[in-house]
Structure formats: structure tokens, C-alpha cells
Amino acid sequence: MAKVFKKTSGNGSLCLYLGRRDFVDHVEHVDLVDGVLKVDPSALNGRKVWIQLACAFRYGREDLDVIGVSFRKDIWIKRIQMYPSEGTKTPNTPMQDALLKKAGDQGYPFTFDIPAHLPCSVSLQPAPEDAGKPCGVDYEVKAYIANEDDETDEKVDKKDTCRLIIRKIQYAPNELAAGPKTDLNKQFMTADKPIHVEASMEKELYYHGDPIPVKVKVNNETSKVVKKIKVSVHQITDVLLYSADKYHKCVLSEEFADQINANSTFEKEYRVTPLLANNKEKRGLSLDGKLKDEDTNLASSTILLPNMDKQMQGLVVSYKIKVTLVMGGGLLGSLTLSDITAELPLVLMSPKPAGLISTLNRLYSQ
């Protein structure tokens, strides 16, 4: 295997092995989380070894938990007793067979099936001075030594645990919807005829980092002059689990010095590219779940099944593009009541990495 993710407990009794940390949500189902736990029984002193996968929503800084209020809520959790082993042993996956070669005779395979209705990994961008884990939804595989599976009434020593953060991610679907289009008429009190605006895109879904072409058509039948055109991209994050908050963040705003004179027509395509690199200082911006020392993107749009319980998602992310005809001379780029804004929905996601997906498909079809 090209790379193995490994974490050892402080006492050396447990060693957690994973062949990957990204698990794809295909909307109808999610990739199996398959790994291996190496157990050294000599230091257990009659205790048992458990492994758990937890999906949690963190909505406050971890260091604030000391005041007696927890800012973490478990959305879903599942535990498996690893040693002494219980239940019927299922056949190993090819990934587990490869990991067992590294773990040796003390390796025990484990498998978790993530329900499709659970949210994808999303983190909120912290301020530069913030410490600890970021707010958002994360998944953690954790192995620990204890007398019972539930740690509520039992204090588990930190040296008796090892853990790895994983990500549940979605890639862009193969079938793309038709591009959105919006038409808008604006009637001014001082004009007999309106100004007509049409904004459209060839498709609704675009990949992170790719230019997004937006076509704008204007039929100005009034005596007013359009001073310039502004195109902006907005991220909307619905926080559903603990309150009904909604956060709007402008992730791109560009102005174009295209003037549209009275009684004239206009047509042009604008290309804009929203990037996280241009939004590094915006606290609270939703990002795709981030693993330590790895880059990430603006959060991908959340894709839900029709009857899925949105309350279980924790965070739901969507985007829209605004095309504004600036009619007046607002101060410092501010809009006026006479300005005209048309909106288009946008789906922003990552493409399926063809090499990785085809390799995994071959691996699991053997």
C-alpha cells in the first residue's frame, strides 16, 4: 500500500491502522470504514478493548468545556468490542488483508457502516487566534481500554486510547442538471418601460477552483444608465442541530466597468472563481472537513436525499450567485434601492478522483 495511517496509544498496547481517511458518501450509501486494530493483551489487566466510530457536531471551542458546559453533541456513535472478540467474524476486505500484513498476528479487523443520512465532514474556519479543534461536524475512530463499552461512568486514561479523524465526503454526481436561468423586469416610477435582465449558466454544478461563466443579457428600455455590473458568490450555511441559525458569507465579489446606456441592449459572459485562498481571514466560513496538515476547499454543497431529515445534518451548505446592475453612485460600493439584482443557484463540489475511485472499485470487486 502506498500509505498507511497509524496511531499508537500512549502505553503502546493499542495501534490503530487505516488505509485511507476519506470515505465517500454516494448519497444512497457510504463507503465502509474498514481498518485493523493491533492489541497487546499483556497490559490489559483483565480489561477489554473497544473501538468506536463517532459523528459529532462541535459548536464551541474545546477549551471552554472546562466551565462545565459541553459544546460537543454526538450525532451518531457505534462501538465494537475488539478484545476479547465477540460475535461472528465477517470476511476481511482486501484493505484489511493488506493492513493485517503490517499489524501482524495481534491484528484484529473492524468494519463500520456509516448510515447514509449522516452529515458530511464540515469545519468552520477559525479566527487566527482560536485554538483547539474547529467547530463543525467531524468523524473520529477511537480505540480504548476499559471495563465497559460506555465511558460515561468510567474514567479512561488518555494513555489507554488512540484515535484518528476521518472524513465523510461527497463528490460531484455524474449526471448534471441543466443550468439555471433567471429573468427579471424592473419598472421605475419615472419610466414608461422597464429594464429587463437575464442571467444564466450552462450548468448548475462547478468544481472547486474552476472558473464559473455567467451570461448576462440586458435590454434597457429606460432613460437610466447602468453604471457597472457586479457579480458575487455567496455561501449560505444553515446550522440546524442546536438552533436555527443561518450564516451568509460573501466568498467573491467582482465589479466590472461595463456601462449600459439608455435605450440599448447588452450581452456579455463573466467568469468568476471563488477560492478559499482569497477568504483565509473570514471566521465562520464553512470548509470541507480538514485533516491535520492537509489543504481543503470551501465547503461543498450539501446533497440530500428527498426525504432525509435535515435536522441530523448539523450544517447544510449551499451557494448562490448574484448579478447586480449598479444604477446609482452608492458610497464605497454599497447598493442603492434602484440597483437590480438577479440570483442564480450554484452547486460547488469536488470531482471524483478517477484514479482513486477506479482503484478502490477494482480492489473491492476482487
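Residues numbered from 1 in each chain as written. Predicted model: local features only at pLDDT ≥ 70, side-chain atom pairs only at ≥ 80, totals over all residues. Heavy atoms only, no water.

**Q** What exactly am I supposed to notice about the pattern of salt bridges here?
**A** A side chain of one charge can pair with a side chain of the opposite charge when the charged atoms of the two come close. Under the definition given, this model contains twelve salt bridges. Here R20 and D31 are joined by a salt bridge, their closest N and O atoms 3.1 Å apart. On the criterion of sequence distance, the pair formed by R20 in the loop between β2 (14–18) and β3 (22–24) and D31 in the loop between β3 and β4 (33–39) is long-range, its members being eleven residues apart. Comparing R20 with D31, the two get one shared label, buried. Here D160 ties to R47 by a salt bridge, and the two come within 3.0 Å at their closest N and O atoms. Here D160 is found in the loop between β9 (136–146) and β10 (161–169), whereas its partner R47 is found in the loop between β4 and β5 (48–58), with 113 residues between them in sequence. (Salt bridge = Lys/Arg side-chain N within 4 Å of Asp/Glu carboxyl O. Helix = DSSP H or I, 4+ residues; strand = E, 2+ residues; numbered from the N terminus. Buried < 20%, exposed > 50% of the residue type's maximum accessible area, 1.4 Å probe, protein only.)

**Q** Mind showing me how you'd approach the sheet that holds strand β17 (residues 264–272) here?
**A** Pairing between the strands of a sheet comes from backbone hydrogen bonds, and it takes one of two forms, parallel or antiparallel. Ordered in space as β11-β12-β14-β17, the four strands form an open sheet in which the pairing is antiparallel. Of all strands in the sheet, those bounded by a partner on one side alone are β11 (181–186) and β17. This sheet shows a mean twist of 15 degrees between the axes of neighbouring strands, independent of strand direction. Pairing of strand β14 (residues 212–220) with β17, which is carried by nine bridges, proceeds in the antiparallel orientation. Paired with K215 across the strands is E269, a residue of β17. (Pairing = 2+ DSSP bridges. Axes fitted to C-alpha atoms, helices over the stretch in contact; angles between N-to-C directions.)

**Q** Is there a simple way to explain the sheet that holds strand β15 (residues 228–239) in this structure?
**A** Taken together, five strands build an open sheet; the order of strands is β13-β20-β19-β15-β16 and the sheet is mixed. Of all strands in the sheet, those with a lone pairing partner are β13 (205–207) and β16 (245–256), marking the two edges. With direction set aside, neighbouring strand axes in the sheet form an average angle of 35 degrees. With eleven bridges connecting them, β15 and β16 associate as antiparallel partners. When the bridges of β16 are listed, D238 appears paired with K246.

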